Amino acid sequence: LCVHLDPALVGEVIDGASVCDDGVGCTIDSCNAETMACEHTPDPALCTDAYPCTNDSCDPDEGCQSVADNTLCDDDIPCTVDACAPSEGGCTHTSSDAYCDDNDPCTADRCDVDLGCVHDIFVGDCDDGNPCTKDDVCVSGVCLGVTNNCSDGNLCTKDTCVPGVGCTHFFESA
């Protein structure tokens, strides 16, 4: 009940806010005049922690609660790992080149935190994935190889290249 507990004033009804203080900073404490019972109403507005990536709430027993929510940090750049890190001031956006692999051997793939995935033209050796070519190099962003004649130097074999397999050597009968 919302009555004074001081022995000198026992039974005297007083302002409930001071008698009903539950010590939880995010509750509004009051005394219900009809029931004479203390009420503790959670007010989440008292729990703003200034980090836009946290969900703030008031637990009537524990006080203010802040839970990091990574979805509130999405920067719409697919190659960044977005996280809520209140200890670092809020949202963080860490680039990850792994998200930018375009499977093109003639590009150097990287993540730019402002632009997203960037695929720089690469100049140099590459592998076009075709076992029937050799000496593959990147030319203007395209991996090109020289046709492999597959000669094994044996005049008794027919040398060919089978796509997906590579050089084969079949004995020819006379």
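The structure presented is a predicted model; accordingly, all values stated were derived computationally and were not measured.

## Concerning the overall build of the chain
Then, in step 1: A tally of helices and strands in the chain yields one helix and 12 strands.
Then, in step 2: Seen in sequence order, the chain has helices and strands lined up from the N terminus as α-β-β-β-β-β-β-β-β-β-β-β-β.
Then, in step 3: Taken across its 174 residues, the chain has 24% of its residues classed as buried.
Then, in step 4: In the chain, the proportion of contacts linking residues at least 24 apart, taken out of those at least 6 apart, comes to 19%.

## Section: the state of the cysteines
Then, in step 1: Per the counting criterion, the structure on display carries 11 disulfides.
Then, in step 2: Note on cysteine connectivity: Cys26 is disulfide-linked to Cys58, with sulfurs 2.0 Å apart. An S-S torsion of about 80° defines the bridge between Cys26 and Cys58 as right-handed. Note that Cys26 is positioned in the loop between helix H1 (16-19) and strand E1 (27-31) and Cys58 in strand E3 (residues 54-59), a separation of 32 residues in sequence.
Then, in step 3: On the basis of relative accessibility, which here comes to 0%, the residue Cys26 falls in the buried class.
Then, in step 4: According to the relative accessible area criterion, Cys58 is buried, its value standing at 12%.

## What about the pattern of salt bridges?
Then, in step 1: Per the stated rule, a full pass over the model turns up two salt bridges.
Then, in step 2: Put simply, Arg110 and Asp112 hold a salt bridge, and the shortest N to O gap is 4.0 Å.
Then, in step 3: Linked by salt bridges that have partners in common, Arg110, Asp112 and Asp120 make up one network.

## Examining the pairing of strand E5 (residues 80-85)
Then, in step 1: With six bridges joining them, E5 and strand E6 (residues 90-95) adopt antiparallel strand pairing. Looking at the pairing, Val81 lines up with Thr94 of E6.
Then, in step 2: Counting the residues in the hairpin turn of E5 and E6 gives four residues, including Gly89, whose phi is positive at 100°.

## Remarks on the side chain of Thr133
Then, in step 1: Structurally, Thr133 can be placed in strand E9 (residues 133-139).
Then, in step 2: On the basis of relative accessibility, which here comes to 17%, the residue Thr133 falls in the buried class.
Then, in step 3: Reaching out from Thr133, the side chain makes a polar contact with the side chain of Asp128 at a distance of 2.8 Å.
Then, in step 4: A polar contact is formed between the side chain of Thr133 and the side chain of Asp136, at a distance of 3.2 Å.
Then, in step 5: Ignoring any residue separated from it by four or fewer positions in sequence, one finds Thr133 in contact with Asp128, Gly145, Val146, Thr147 and Asn148.

## Some words on the pairing of E3
One face of the sheet, then the other: side chains in a regular strand alternate in exactly this way.
Then, in step 1: Bridging between E3 and strand E4 (residues 63-68) involves six bridges; their strand directions are antiparallel. Within E4, the residue paired with Ser57 across the bridge is Gln65.
Then, in step 2: Connecting E3 to the next strand, E4, in antiparallel fashion are three residues.

The rules behind the values
Residues numbered from 1 in each chain as written. Predicted model: local features only at pLDDT ≥ 70, side-chain atom pairs only at ≥ 80, totals over all residues. Heavy atoms only, no water. Helix = DSSP H or I, 4+ residues; strand = E, 2+ residues; numbered from the N terminus. Buried < 20%, exposed > 50% of the residue type's maximum accessible area, 1.4 Å probe, protein only. Contact = heavy atoms within 4.5 Å. Disulfide = S-S within 2.5 Å. Salt bridge = Lys/Arg side-chain N within 4 Å of Asp/Glu carboxyl O. Pairing = 2+ DSSP bridges. Polar contact = N/O pair within 3.5 Å; in protein donor to acceptor, adjacent residues only side chain to side chain.

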